[in-house]
Structures are given as C-alpha cells and as structure tokens.
2 protein chains.
Amino acid sequence: MDATNVLKERGLSVTSSRLQVYEALHGEALAFSHADLEQKFKRKKMDRITLYRVLNDFEEAGLVHKVIDPGGVAHFALCKDGCLHGHHHDHHAHFNCQRCHKMFCLDTDSQLSFKLPRGFKIAGLNTVIYGTCKTCSA
Amino acid sequence: MDATNVLKERGLSVTSSRLQVYEALHGEALAFSHADLEQKFKRKKMDRITLYRVLNDFEEAGLVHKVIDPGGVAHFALCKDGCLHGHHHDHHAHFNCQRCHKMFCLDTDSQLSFKLPRGFKIAGLNTVIYGTCKTCSA
DNA sequence: ACAAAGATACAACATTGTTGCGTTTAACAA
DNA sequence: TTGTTAAACGCAACAATGTTGTATCTTTGT
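As the structure is a computational prediction, the values presented were derived from the model and not from experiment. (Residues numbered from 1 in each chain as written. Chains lettered and ligands numbered in written order. Predicted model: local features only at pLDDT ≥ 70, side-chain atom pairs only at ≥ 80, totals over all residues. Heavy atoms only, no water.)

*Asks:* Explain the packing of helix 2 (residues 16-25) of chain A against helix 4 (residues 48-60) of chain A to me, using residue names and the numbers behind them.
*Replies:* Two quantities define a packed helix pair, namely the angle between the helix axes and the distance between the axes. Residues and elements named next belong to chain A. Their axes nearest at 10 Å, the elements helix 2 and helix 4 cross at an angle of 70 degrees. Taken together, the axes of helix 2 and helix 4 are roughly perpendicular relative to one another. Handedness of the crossing formed by helix 2 with helix 4: right-handed. Along its contact with helix 2, which presents Ser17, Arg18, Val21, Tyr22 and Leu25, the element helix 4 presents Thr50, Leu51, Val54, Leu55, Asp57 and Phe58. Here the contact of helix 2 with helix 4 is composed, by residue class, of seven nonpolar, two polar and two charged. (Axes fitted to C-alpha atoms, helices over the stretch in contact; angles between N-to-C directions. Helix = DSSP H or I, 4+ residues; strand = E, 2+ residues; numbered from the N terminus. Parallel < 35°, antiparallel > 145°, perpendicular 65-115°, else oblique. Left-handed = near helix turned anticlockwise from the far one by under 90°. Contact = heavy atoms within 4.5 Å. Nonpolar A, V, L, I, M, F, W, Y, C, P; charged D, E, K, R; others polar.)

*Asks:* I'd like to hear about helix 2 (residues 16-25) of chain B, residue by residue, with values.
*Replies:* An α-helical segment advances 3.6 residues per turn. Residues three or four places apart therefore align on the same side. All names here are of chain B. When you tally the buried positions in helix 2, you get seven out of ten residues, the bulk of the element. Along helix 2, the positions that sit buried rather than exposed are Ser17, Arg18, Gln20, Val21, Tyr22, Ala24 and Leu25. Its buried side turned inward, helix 2 meets helix 1 (3-9), strand 1 (30-33), helix 3 (34-40), helix 4 (48-60), strand 2 (64-68) and strand 3 (74-78). (Buried < 20%, exposed > 50% of the residue type's maximum accessible area, 1.4 Å probe, protein only.)

*Asks:* Outline the UniProt feature "binding site: Fe cation" (unreviewed entry) in chain A, supporting the account with residue identities and numerical values.
*Replies:* All names here are of chain A. The sites that carry the UniProt feature "binding site: Fe cation" (unreviewed entry) are, in the present numbering, His91. Tracing the backbone shows His91 in the loop between strand 3 (74-78) and strand 4 (94-97). Judged by relative accessible area, His91 falls into the partly exposed class, the value being 37%. Once residues within four sequence positions are removed from consideration, His91 is found in contact with Gly124 and Leu125. (UniProt positions renumbered as here; feature names shortened; annotations may be inferred.)

*Asks:* Residues and numbers for the protein's contact with DNA strand D, please.
*Replies:* Around DNA strand D sit 20 residues in total, of which Thr15, Arg18 and Arg53 of chain A together with Val14 and Arg53 of chain B are the nearest. What you see for DNA strand D is that sugar and phosphate hold 61% of its atoms within 4 Å of the protein. Secondary structure elements with two or more residues in the surface near DNA strand D: helix 2 and helix 4 of chain A together with helix 4 of chain B. Looking at the surface near DNA strand D element by element, the count peaks at five residues for helix 4 of chain B. A breakdown of the residues in the surface near DNA strand D according to their chemical character gives seven nonpolar, eight polar and five charged. (Near = heavy atom within 4 Å.)

*Asks:* So what about the UniProt feature "binding site: Zn(2+)" (unreviewed entry) in chain A? Which residues, and what values?
*Replies:* All names here are of chain A. As recorded in UniProt, the sites labelled "binding site: Zn(2+)" (unreviewed entry) are Cys97, Cys100, Cys133 and Cys136. A maximum C-alpha distance of 8.2 Å is found for the annotated residues, which run over 40 residues; spatially they form one tight group. Following the sequence through the fold, Cys97 ends up in strand 4. Given a relative accessible area of 0%, Cys97 falls into the buried group. Apart from the residues within four sequence positions on either side, Cys97 is in contact with Lys102, Phe104, Gly131, Thr132, Cys133 and Cys136.

*Asks:* Kindly report on the interface of chain B and chain A, identifying the contributing residues and their values.
*Replies:* Facing the 37 residues of chain B at the interface are 37 residues of chain A. Interface of chain B and chain A: buried area, both sides summed, is about 3000 Å²; carbon and sulfur atoms make up 62% of it. The largest share of the area that chain B buries against chain A comes from Phe120, Ile129 and Tyr130 of chain B, three residues that together contribute 18% of it. Linking chain B with chain A are ten residue pairs in polar contact (both at pLDDT 80 or more). The element that contributes the greatest number of residues to the side of chain B that touches chain A is strand 7 (residues 121-132) of chain B, accounting for twelve residues. For the side of chain B that touches chain A, the residue count by class is 17 nonpolar, 13 polar and seven charged. Sheet analysis places strand 7 (residues 121-132) of chain A next to strand 7 of chain B, joined by eleven bridges and oriented antiparallel. When the bridges of strand 7 of chain B are listed, Gly131 of chain A appears paired with Ile122 of chain B. (Buried area = accessible area lost by both parts, 1.4 Å probe. Polar contact = N/O pair within 3.5 Å; in protein donor to acceptor, adjacent residues only side chain to side chain. Pairing = 2+ DSSP bridges.)

*Asks:* Let's hear about the relation of the copies chain B and chain A: which residues, and what values?
*Replies:* Put simply, the second copy of the chain is the first one after a rotation about an axis and a shift along it. When chain B is fitted to chain A, the residual RMSD is 0.1 Å, and the transformation amounts to a turn of 180 degrees plus an axial shift of 0.0 Å. The two molecules are tied by a two-fold rotation axis, judged by turn and shift. Looking at chain B, 100% of its interface residues are interface residues in chain A too, so the copies touch through the same face. (Least-squares fit on C-alpha atoms with pLDDT ≥ 70 in both.)

Take a look at the structure:
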C-alpha cells in the first residue's frame, strides 16, 4: 500500500510533511530520533515543531512506536502490520549501540516474562538492550 | 553498614552531599528522578549540578542504577547488595505508573529472554513496564 | 596541620520537548 | 471547480533536563 493510503486508512489527512516522514521511516530496521530525522530532511523544508507533531500524531494513530534510549531520547519506527488495527502490541525489544548510537528493532521473538505485583495493571512496555552492534564489535 | 562506610568501600570520598543523597535513596522501593530528589532536599542546601554529579558518581561506582521513564527522564535507585562487587547485574524490570508517575523496582524474578542477532554484544538492559499501580488502579 | 587531590557552587550553555496563535493547506460538499 | 470549514503548519516563546568550565572550598593522606 502506498503512503497516501496508509495515512487515509488511519484517518490522517494527507500532507507533504506526513508523507515525507512516512517515507523516511518506511523500510527501515532502525528507529530514528528527532535529530536523525532532521538530519535526513536537512535539504528539504521541515519544521522542527511540525516533525514533533507528525510523530505524535503517527504514534496516536498506531502507525509508529516510540522507544527511549538510555540517554532519554525518543526514537521512532514504523509499526509492523500487526499493529494496524488499533492497539499497539509492539512489545518487541530494541537494541541500542553505545558506539554508533543506532537503535535496532529486534523483530525476533524476544519476550519478557515477569510477575507483576497484585493490583498493577500493564499498559505497555519499553525494553532497550544496550551494548555494541555487530559492525561496531568487529 | 552505615552510609559513610558504604561510600568508603567504593572509593568515594565522604561528603555531606553524598551522605544526603545516599540517605534519601536508602530503604526506598522507588527510583527517584532528579526533580523528586530536589523536592526532598528543598529545605536543605543541595545544588542542582552537585546532585547530577553525585548521582553520576554513584552510578559509576555501582552504587545506584539508572532507569529511564517513558518520558525520557532518568530515575535512580540504590542497587541491591549483589551489585556491590563491581559490575551491575541489575537487570530487573521497573514499573512506571502513568497516573502517579512513581517508578517501582520490581525485585521479583522478572526476566527477559531474547535472541540477539549474531555479533551483537550486550552490556545492559533498561526495561520499563508502564500502566497503573495498585493504588492508582483502585 | 599541611599540601594535593577531589568535590562543590555558580554561570553559561546545549538538547529535547511543549504551548499558543496567526497563516496556510487539505477535505468535503454544493 | 469552487467555497467553507476544520485541520495542519510555521514561528516565537518557553520549560525541563542535562552538561561543561572554572574558581573556591572540603576531604584525604601524610
């Protein structure tokens, strides 16, 4: 499906900013920070605040998921198709390289098992494994 | 062991700021943000930058561990005794309440199992489960 | 008690993220 | 296609979090 229809399907109006951001994230195995994305857009016109709002809108629409790196910075990646129907079930882990600072989505079957104390209700999960990636370890 | 000796054992010089921060964290099941701690110290004199540096020093010394909430804010809690001997093995999960914003250390046997791609080397882990805590769910 | 090393406090700054508001653009219906 | 309305954009201003440099003060070890 093309970007325009993906946006429409989520009830998002189709604007050039949103198309640009979608295209930037599409097909990537990495989650990008605001700084990363601003860098990507440096030749085109892309307002910093607009970028924040586009990413927030995308997250609320279930189009992207947000993951926080150990430095407290948000990174965004497109959700897999499975998230298309309303609720995030993106509980996959992420790997953040301490050397190149890339944030990898671990699509493999990483899974968390835990005992939550009685009365605690889970809404979601943020898991970041940090270390050195393949390239930086070599 | 008293605070003074804990600091000495880690090779940290004993200062009033460090003792204050240690006492503030001691015996707590919650991880506190800088803002939380500044609030605790509002009657005493505690410089904001000094607090940052004390917490950084504590973390490097393996005395506390840091966990990032979904908003990107760092929270700190004392490590269990097991961490005393040089390397963090604080891979326990944390629970962040979306309503009262408290960060709970889940000392229970929460555990992560995942397959890391070949060549990736793990150094540590940041896991935050978010939702509503017992008090806020009632 | 003294010298050296380390910690503190202040200012200045960097980065990340939010809010308000006037202007522009997209959606939809006539 | 055009006009109306609602939404998105872009700018300015601001807030929170965190870092760096440096002079002063405190701790440590002799």
